[in-house]
Amino acid sequence: MPDLLIELFSEEIPARMQRRASEDLRDRVTGGLREAGLTFGESHAYATPRRLALAVEGVDAQSPTVVEERKGPRADAPEKAIEGFLRGAGVAREDLELRDEKKGQVYFAKITKPGRSADVIVAEVLESVVRNFPWPKSMRWGAGSLRWVRPLQSILCILTEGDAARVVALDIDGIAAGDTTEGHRFMAPGRFAVGSFSEYEAGLLERKVVLNPKERAEAIETAAESLAQSAGLEVVPDAGLLAEVSGLVEWPVPLMGEIEEAFLDLPPEVLQSSMREHQKFFSLRNPEAGQIERFVTVANVETADDGVTILAGNQKVLAARLSDAKFFWENDLRVARDGMGAWLEKLENVTFERTLGTQAARVARMETLAREIAPVVGADPELAGEAARVAKADLSSEMVNEFPELQGVMGRYYAVEAGLPEDVAVACEEHYSPLGPSDEVPTRLVSVAVALADKLDTLIGFWAIDQKPTGSKDPFALRRAALGVIRLVLENEKRLGLRNFINSGFVAHGVPGPDPSDQEDFTGMAQRFSLLTFIHDRLKVYLRDQGLSHDVIDACLALEGDDDLALVVARARALQAVLATDDGENLVQGFKRANNILTQAEEKDGVEYSYGADIKFAEAAEERTLFEALDRGEAEISKAVLAEDFEAAMGAMAALRGPIDAFFEAVQINSDNDILRRNRLNMLSRIRQICRQAADLSRLEG
Amino acid sequence: MSEMPEKPRSFQEIILRLQSYWASQGCAIMQPYDMEVGAGTFHPATTLRSLGSRAWAAAYVQPSRRPTDGRYGENPNRLQHYYQYQVLIKPSPPDLQDLYLGSLKAIGIDMGLHDIRFVEDDWESPTLGAWGLGWEVWCDGMEVSQFTYFQQVGGHDCRPVSGELTYGLERLAMYVLGVDHVMEMPFNDPDAPIALRYGDVFRQTEEEYSRHNFDAANTDVLLRHFEEAEAACEALLSVPEEDPKTGKRIIMAHPAYDQCIKASHIFNLLDARGVISVTERQAYIGRVRALAKQCADAYVRTDAGGFDA
């Protein structure tokens, strides 16, 4: 069985697209082969800046012959219908078979689809893959109409069987497939032919191209580490940069360079950002001092002077960049030491969002909210207010203007320079956290208060102007903000009702709430409710990842305190645990039975059976036992719920399982005696009501 | 590898070598456009000629003005007036990357010693309603050129596609000549009887224009000129195509485009004067883009624009 090798050779492919593209090539080609009836062994995809490559082992030389049977018209059908069938099936009249069916004799045709060679199939599949490739952005070039990420220059496509290789006949808009490729642009120019994947990979290596991006990344990592070590430094880990740089070179040559003395006192984050964003340099850090002292750049070429010229050029460019950064830093320090007043004023002219007004207005709202939240999470309201007031000041600084990703980080430096307390300075940085599901959650109380204020204000603002996320669209990262609120509360084990803060946030955004003295007033309730529901939905997603199912959370959200996320989670965990027991599972069945009977009866009778049952109408022993169990259970559950001992509450609820089951066994609810019937229905109502203190079991699925 | 040419010794030698290199590759060597523009792309030899089906190959130096970049001649790398070298070939030839690398070699960059890289950079000009895909070209970590395959100009799909190369001449020359401050760069042969440095030619003008751009340009006049250029552009395009005097179909795409360029430069000046707010900014850019688009619409109805070709 032949092996397949494909290479699509082009001008430089953007680094960030290479990995996905090589995977798409693999998935689409192998998918196409499979669909055409070919089986094959392992497949491997590779990418360099100038090529996507795919190797598929052991491809069937031929797809299997398929015989298909097709039912036609009846023997006595009009001639036209039969002719039409013959045309459609592509068979002759004499090849038809007549069979007896219930309604008479019917024609059948056997259609044989002969297998096709791998060559034909590969050519067809590859052409379609090239023409429909899912590049994030593609282009045309020259006078042609073919689209690729950058001009496609050549296609290598061969099938190798033993020692013999053959080119797959294929031509896409004048680019004919062949068996040749190119090595390194500068170090080994010119084309060479290959007969197999191993020849291809080895031939490239000989010509200074490392095909496998993983190997390039490893080579860079190892060399950077050893360069760092030789200078007594360590590489600042940066997986994103490593992946990007691996996509910028075919032949990685890491070189270590120096940073001019004059720039070494810049904050390490500034050095790192400047070197990373503009120059794609790795930062080398002094493990003791924490300062960044050198860099590693990765060239794509070995030179006669061992990279001396390249390094000198890179150092020169870096010096120009860093003198800009130093200029910003020194200007910023003057404003910071002056108390940052100029920056705060400038926030009045910076738009946060078109309809949501300026950053200054946002800061004012955050400050109010942070002061309200602070006592509830145990932070000093003065510090929290001060931190919120200056948290966005660095957005006006020159450094953040140049490196937006340093927002917060610079804020912390500048707050320290402004002489503000440590808690305030730290909150300037930490209030943006957590930024994603794996980002660390701040634990300092002032940071927690300001971070909550920041995220709640964002959510409330976009809710107020009706810019909620829809489907996959979430341009303002509101799902992330909601998850941030959830993680800040839960991971810090903070007990707080969100409703109050949501309400005051909406008021601050000009969305008043209802008049508390007017029961019929629902002003602004829809937005408030919708936001809390959104947070609940994110909570379900968050807890699902921790193994808590959404209906268990629904059962707990249906109760008082649904805006106290820690309470909801404690309840849900206890409920989930009790549901895993035999008693718990059966209790749910018993509860649902009781609930169904009761609901049907209430609907039929048009009354609510909530007057309470009377033990004097109890007939059977089981009925009396349930009475006692309910009295006991009610007391235990309400005591446990009050103490927030949800395990005990759920346990007490589960203990009702025995008496409820026995009751249903012994007693018929819909008795002919109306008094007995009503009493029993009232008893079912008590079951529902008592269980509901712990959780709303009717929300559970299954 | 073939012999490396000797290193150039002055700014003008680099320009001359680029001129003769691209001339030898078959480009028409054009002269700079006689109007103030922000970049070489604005020259009609690029903007308009990239439209339509007719083949084209041109190269030229274009003095370019970015009023906000003025630094009174003190910053080593920033100028409000600088030179771009621009190459436009339509349809883009299959070996354009190699041709480009040849031009670097011609100005003394030895591929055996330097690290040349094509790093993703998608080009977009909101004022011209144009975009393309390509790279910024790095030499030892420094951006030395912009390399773009035009996909759309003035809202029109480019068919065929033009390949555009833009070299920032001062920066490139400083690197090749090993100069740290632009004003120190030899302009002509350093051994000439009257040797001139870049600063001898341009330090004073940088000072004068910096003051002009930031503080002195009359914003009321500029605002009025903007409106006038806009109106003139639209008026020129709205006259009937047939010229009553000659009886010929004469669409005034180029004169209209001059007004578009003018509006664009006035906008840049107003921006430098700080009289345009963030929200107004978008609106101004949109107005210039609308003009560029109308000029493109008109140009493709002309002979040079491939009408009936």
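Remember, it's a predicted structure, so these values are computed and weren't measured experimentally. (Residues numbered from 1 in each chain as written. Chains lettered and ligands numbered in written order. Predicted model: local features only at pLDDT ≥ 70, side-chain atom pairs only at ≥ 80, totals over all residues. Heavy atoms only, no water.)

(A) Quick peek at the interface of chain B and chain A. Contacts between the two partners involve 39 residues from chain B and, on the opposite side, 40 residues from chain A. Note on chain B versus chain A: buried area summed over both sides is about 3,100 Å², and carbon and sulfur give 52% of it. Among the residues chain B hides against chain A, the three largest losses belong to Leu 113, Arg 117 and Glu 120 of chain B. Together they make up 18% of the total. At the junction of chain B with chain A, the criterion picks out six salt bridges. For Asp 324 of chain A, the salt bridge identified is with Arg 78 of chain B, shortest N-O distance 4.0 Å. Where chain B touches chain A, the interface holds 18 residue pairs in polar contact (both at pLDDT 80 or more). Among the secondary structure elements, those contributing two or more residues to the side of chain B that touches chain A are helix 3 (96-106), strand 4 (116-120), strand 6 (130-139) and strand 7 (142-153) of chain B. Of the residues forming the side of chain B that touches chain A, the biggest block, five residues, is contributed by strand 4 of chain B. Of the residues assigned to the side of chain B that touches chain A, the class counts are 19 nonpolar, nine polar and 11 charged. (Contact = heavy atoms within 4.5 Å. Buried area = accessible area lost by both parts, 1.4 Å probe. Salt bridge = Lys/Arg side-chain N within 4 Å of Asp/Glu carboxyl O. Polar contact = N/O pair within 3.5 Å; in protein donor to acceptor, adjacent residues only side chain to side chain. Helix = DSSP H or I, 4+ residues; strand = E, 2+ residues; numbered from the N terminus. Nonpolar A, V, L, I, M, F, W, Y, C, P; charged D, E, K, R; others polar.)

(B) Looking closely at the environment of Cys 27 of chain B. Residues and elements named next belong to chain B. Mapped onto the elements, Cys 27 comes out in the loop between helix 1 (11-24) and strand 1 (28-29). We classify Cys 27 as buried; its relative accessible area is 7%. Each C-alpha atom of the pair Cys 27 and Cys 158 lies 20 Å from the other, and the pair is 131 residues apart in sequence. (Buried < 20%, exposed > 50% of the residue type's maximum accessible area, 1.4 Å probe, protein only.)

(C) Fine view of the environment of Ala 53 of chain A. Residues and elements named next belong to chain A. Tracing the backbone through its elements, the reader meets Ala 53 in strand 3 (residues 51-56). The class of Ala 53 is buried, set by a relative accessible area of 0%. When the C-alpha atoms of Ala 53 and Ile 292 are compared, they prove to be 38 Å apart, with 239 residues separating the residues in sequence. Each residue touching Ala 53, except ones within four places of it in the same chain, is listed here: Ile 6, Glu 7, Leu 25, His 44, Ala 45, Tyr 46, Tyr 200 and Leu 211.

(D) Local environment of a nonpolar patch on the surface. Residues and elements named next belong to chain B. Residues Ile 194, Leu 196 and Val 201 make up a contiguous nonpolar surface patch of about 250 Å² in total accessible area. Checked against the element boundaries, Val 201 lands in helix 5 (residues 198-216). The exposure class assigned to Val 201 is partly exposed, which follows from its relative accessible area of 33%. (Patch = residues over 30% accessible without salt bridge, like charges linked within 9 Å, V, L, I, M, F, W, Y side chains within 5 Å. Areas by Shrake-Rupley, 256 points an atom, 1.4 Å probe, with all protein chains shown as cover.)

(E) Highlighting helix 13 (residues 409-417) of chain A. Residue and element names in this part refer to chain A. Residues of helix 13 that are buried: Val 409, Met 410, Gly 411, Tyr 414 and Ala 415. Summarising the contacts, the buried residues of helix 13 are in contact with helix 7 (268-279), helix 8 (308-337), helix 9 (341-346), helix 12 (398-402) and helix 14 (422-430). Remark: Gly 419 follows helix 13 within two positions and exhibits a positive phi of approximately 80°.

(F) Inspection of the packing of helix 18 (residues 525-544) of chain A against helix 20 (residues 565-579) of chain A at higher detail. Residues and elements named next belong to chain A. As a packed pair, helix 18 and helix 20 sit with axes 12 Å apart at the nearest point and diverge in direction by 45°. Between helix 18 and helix 20, the crossing angle belongs to the class labelled oblique. Where helix 18 crosses over helix 20, the two elements pack in a sense that is right-handed. Of helix 20, the residues touching helix 18 (which contributes Ile 535, His 536, Leu 539 and Leu 543) are Leu 565, Val 568, Val 569 and Arg 573. When its residues are assigned to classes, the contact of helix 18 with helix 20 shows six nonpolar, one polar and one charged. (Axes fitted to C-alpha atoms, helices over the stretch in contact; angles between N-to-C directions. Parallel < 35°, antiparallel > 145°, perpendicular 65-115°, else oblique. Left-handed = near helix turned anticlockwise from the far one by under 90°.)

(G) Inspection of the pattern of salt bridges at higher detail. Residue and element names in this part refer to chain A. Under the defined criterion, the tally for this structure stands at 80 salt bridges over all chains. The partner of Asp 24 in a salt bridge is Arg 20, with the nearest N and O atoms 3.4 Å apart. Placement of the pair is Asp 24 and Arg 20 together in helix 1 (residues 15-35), with a separation of four residues, close to one helical turn. Under the relative-accessibility criterion, Asp 24 is labelled buried at 10%. Take Arg 20: its relative accessible area is 55%, and that puts it in the exposed class. Among the salt bridges present, the one from Glu 634 reaches Arg 686, with a minimum N-O distance of 2.8 Å. Of this pair, Glu 634 sits in helix 22 (residues 621-642) while Arg 686 is found in helix 25 (residues 674-694), placing the two residues 52 residues apart along the sequence. You can call Arg 686 buried: its relative accessible area is 13%. Bridged by salt links that share partners, the residues Glu 7, Arg 50, Arg 51, Glu 182, Arg 191 and Glu 250 form one connected network.

(H) The environment of Leu 16 of chain B, seen in detail. With respect to the helices and strands, the residue Leu 16 of chain B is situated in helix 1. What makes Leu 16 of chain B exposed here is its relative accessible area of 53%.

(I) Quick look at the domain arrangement of chain A. All names here are of chain A. Taken as a whole, chain A is organised into domain 1 (3-62 + 117-206), domain 2 (66-113), domain 3 (213-337), domain 4 (343-546) and domain 5 (574-699). Of note, the centres of domain 1 and domain 3, computed from C-alpha atoms alone, are 35 Å apart. Between domain 1 and domain 3, the contact holds 14 residues from the first and 12 residues from the second. Summed over both sides, the interface between domain 1 and domain 3 buries roughly 940 Å², with carbon and sulfur atoms accounting for 58% of that surface. Run the count over domain 1 and domain 3 and you get two salt bridges. (Domains from an automatic or database assignment.)

(J) Main features of the packing of aromatic side chains. Tallying each qualifying case throughout the model produces 35 aromatic pairs over all chains. Ring geometry for Phe 147 of chain B versus Tyr 149 of chain B: centroids 5.6 Å apart, planes at 55°, classification tilted. Look at Phe 267 of chain B and Tyr 284 of chain B: their rings are 6.1 Å apart centre to centre, the planes differ by 25°, and that puts the pair in the stacked class. Highlighted residues: Phe 267 of chain B in helix 7 (residues 253-272) and Tyr 284 of chain B in helix 8 (residues 278-299), separated in sequence by 17 residues. Of the two residues, Phe 267 of chain B and Tyr 284 of chain B, neither departs from the other in class, the shared state being buried. Members of the aromatic cluster, connected to one another through ring pairs, are Tyr 85, Tyr 100, Phe 118, Trp 135, Phe 147, Tyr 149 and Tyr 167 of chain B. For the cation-ring pair, Arg 191 of chain A lies above Phe 9 of chain A, with the distance from its terminal atom to the ring centre recorded as 5.8 Å. A cation over a ring is seen here: Arg 65 of chain B above Tyr 209 of chain B, with NZ or CZ 5.1 Å from the ring centre. (Phe/Tyr/Trp six-rings, centres within 6.5 Å; stacked < 30°, edge-to-face > 60°. Lys NZ or Arg CZ within 6 Å of the ring centre and 35° of its normal.)

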